[in-house]
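So you can see what is in the structure, the chains are spelled out below.
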Amino acid sequence: MKKLIKWIAAVAMTAALTSGLTSCSKSDTDTSSTSGDGGDAKVAVVISTLNNPWFVVLAETARDHAQELGYEATIFDSQNDPATEASHYENIISSGYKAILFNPTDADGSIANVRKAKEAGIPVFCMDREINATDAATSQILSDNYSGCVALGQYFVKQVGDTGTYVELLGLVGDNNTWNRSKGFHSVVDRYPGLKMVAQQSADFDRAKALEVLESILQANPDIDAVFCGNDAMAMGAYQALVSAGKADKVKVFGFDGADDVVKLIAEGKIVATGMQFPKVMAQTAAESADKYIKGEREFPQKTPVAVELVNRDNVEDFGDYGRK
Amino acid sequence: MSTSEPTLKSRLLRWCGGMAGVCVLLYLLPLFNIVPLKEARKQSAAAAFNAASYVKTFWNDKLTKGGPKAVDAGELIDAFNKDRGDAAERYGHRLGLSSSASFFVSGSGSISSVDKGTIEITLKEGGTVTIDTGPVFGNAIRDGSGLLDVSKFPNSQDFNALSSEINRRVEESVFPSIREKATVGASVRFVGGVEITDSDTIPPLNLVPVVIDFP
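In short, a report on the structure. (Residues numbered from 1 in each chain as written. Chains lettered and ligands numbered in written order. Predicted model: local features only at pLDDT ≥ 70, side-chain atom pairs only at ≥ 80, totals over all residues. Heavy atoms only, no water.)

## A word on the overall build of chain B
Part 1 of the argument: On a plain count of helices and strands, chain B comes out with seven helices and six strands.
Part 2 of the argument: Along the chain direction, N to C, the helices and strands of chain B fall in the order α-α-α-β-α-α-β-β-β-α-α-β-β.
Part 3 of the argument: Taken along its principal axes, the extent of the C-alpha atoms in chain B is 115 × 40 × 25 Å.
Part 4 of the argument: Per-residue burial for chain B yields a buried fraction of 38% across its 215 residues.
Part 5 of the argument: Look at the contacts in chain B between residues 6 or more apart in sequence, and 70% of them connect residues 24 or more apart.
Part 6 of the argument: When the accessible surface of chain B is summed, it comes to about 12500 Å², and 56% of that surface belongs to carbon and sulfur atoms. (Helix = DSSP H or I, 4+ residues; strand = E, 2+ residues; numbered from the N terminus. Buried < 20%, exposed > 50% of the residue type's maximum accessible area, 1.4 Å probe, protein only. Contact = heavy atoms within 4.5 Å. Areas by Shrake-Rupley, 256 points an atom, 1.4 Å probe, with all protein chains shown as cover.)

Okay, structure coming up:
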């Protein structure tokens, strides 16, 4: 009797294992053999925040381009919260998405999510922000923030001169872009000992926070000559704070991103300069790479830096709509 | 009663043996380690990328000894005048989707002018090269050498730190001899990096020197 029970159990286990293996191999085949025109394949666009027009452009361009390539594309807003981002990844992995176009919330904190997707056979293409790993994402398409801010730093010295005081508003401290921008800027400006930074504070890439932070800094430092902001949302907030304080025509504001509202203010002579990133180029490149991956290509450069161009009053007419006209 | 006593004992023994086994396992494979804060800081500093030491080795072993293949400055100017796209592709390196190309160049000529912060060299075969001897910015040498790949650096801050360190080295080890020996008419040989944006007009080539000799 015991022998019979053992035999039945063995047969049942073998059957279960065989069916499991079959379904695994079926799912692997599905991933690699999805038709290139997308069919009903789904692509996820996971964005750090949609509370900033620049990221809205990045997200919508990625989604629209994926749709043009024949995929069903959905945007997930991480609201600058790594926990929300992790929960999006859980949903995406269990919902059969074929690729993720990803703008991470944190260079270190987001690595685990990318690895989970990789283990599930879903390729991840980072856009604009990098993760601190070269073996997790399939490819990373990133703004060359450092070089962009070297150019911006050189222009800053030309405009402000080699003596004066300034404030720096940093972005999210966990994001590499924050430090690549800051370091590129300081690699130039710190060479001029007459230029003194009187305050350096994070405003999280956020317009409202930048307004609040600069208002507070201006109380202790009312006579600054310039403000360097790690993105254009903060530049807009800083400019608003200066308008409220009646100092907008005395203090030179520099941003970074190439957001439309800042480009317009540069044309009006209210903001001095920004670095034009190309969110549409990055989003399109990421979507095209995902399409190629789904079609079977496997060779991608791990990192593709995208040039950042200086926008000032002399060349502002060449720029608009988040890129060159 | 007499039969339950040995069972209890043996159970107790088994339980003790099991606990001992778990203790040994936890000792060999601890679930967590407690590291003093000071030690943790030391470990993280040791793991941090050291751009100065990386560049020292790169400069001594790669750039100045044999070095990357350099294109002749006159040949590069000619190639640019014929077809700048082709010249960039044949001789240059582009970093990702970049609007500039970087080159590693060599050449010789004579100094035609020395101004505050800039010297100009007239090449033997014609054409001019300038060297700005003030603060050095940009990635002309890092990218022009073609030897460093951004994809090999998990954190791009480390890759960018290389440019700062290379530029600092140029200022400290190459510029002093230029300031000391550069006079109009002096013969000069050079090797270095050049970065040309797609909208630049050349000549002159603006050189960031790795080597400069006054034979």
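## Concerning the overall build of chain A
Part 1 of the argument: What chain A contains, in helices and strands, is 10 helices and 14 strands.
Part 2 of the argument: Relative to its 325 residues, chain A shows a buried fraction of 53%.
Part 3 of the argument: Taking all contacts inside chain A whose residues are at least 6 apart in sequence as the whole, residues at least 24 apart take part in 74%.
Part 4 of the argument: Accessible surface, chain A as shown: approximately 13900 Å² in total, 52% of it carbon and sulfur.

## Digging into the sheet that holds strand 11 (residues 303-306) of chain A
Residues and elements named next belong to chain A.
Part 1 of the argument: Spatial strand order, 2-1-3-4-5-11: six strands in an open sheet with parallel pairing. The sheet is open, and its two edges are formed by strand 2 (72-77) and strand 11, each paired on a single side. Pairwise comparison of adjacent strand axes, ignoring direction, gives a mean angle of 15° for this sheet.
Part 2 of the argument: Across four bridges, strand 5 (residues 139-143) lies against strand 11 in parallel orientation. The residue of strand 11 that forms the bridge with Ser143 is Val306. (Pairing = 2+ DSSP bridges. Axes fitted to C-alpha atoms, helices over the stretch in contact; angles between N-to-C directions.)

## Here we look at the interface of chain A and chain B
Part 1 of the argument: Counting residues at the interface gives 28 residues for chain A, matched by 20 residues for chain B.
Part 2 of the argument: Here chain A and chain B share an interface that buries about 1900 Å² over both sides, 51% of which is from carbon and sulfur atoms.
Part 3 of the argument: Taken together, chain A and chain B are joined by one salt bridge.
Part 4 of the argument: A salt bridge links Arg191(A) to Glu171(B); the shortest N-O distance between them is 2.3 Å. (Buried area = accessible area lost by both parts, 1.4 Å probe. Salt bridge = Lys/Arg side-chain N within 4 Å of Asp/Glu carboxyl O.)

## Some words on the sheet that holds strand 9 (residues 252-254) of chain A
Residues and elements named next belong to chain A.
Part 1 of the argument: Taken together, four strands build an open sheet; the order of strands is 7-6-8-9 and the sheet is parallel. Sheet topology places strand 7 (195-202) and strand 9 at the edges, where each strand pairs with a single neighbour. Shown here is a sheet whose adjacent strand axes are inclined to one another by a mean of 20°, direction ignored.
Part 2 of the argument: In the sheet, strand 6 (residues 164-170) pairs with strand 8 (residues 226-229) via four bridges, with the strands oriented parallel. Within strand 8, the residue paired with Glu168 across the bridge is Phe228.
Part 3 of the argument: Strands strand 6, strand 8 and strand 9 of the sheet are contacted by helix 8 (residues 232-244), whose axis makes an angle of about 155° with strand 8.

## Description of the state of the cysteines
Residue and element names in this part refer to chain A.
Part 1 of the argument: On inspection of all chains with the given rule, the structure shows zero disulfides over all chains.
Part 2 of the argument: Of the cysteine sulfurs around Cys229, a residue in no disulfide, the closest is that of Cys149, at 11 Å.
Part 3 of the argument: You can call Cys229 buried: its relative accessible area is 0%. (Disulfide = S-S within 2.5 Å.)

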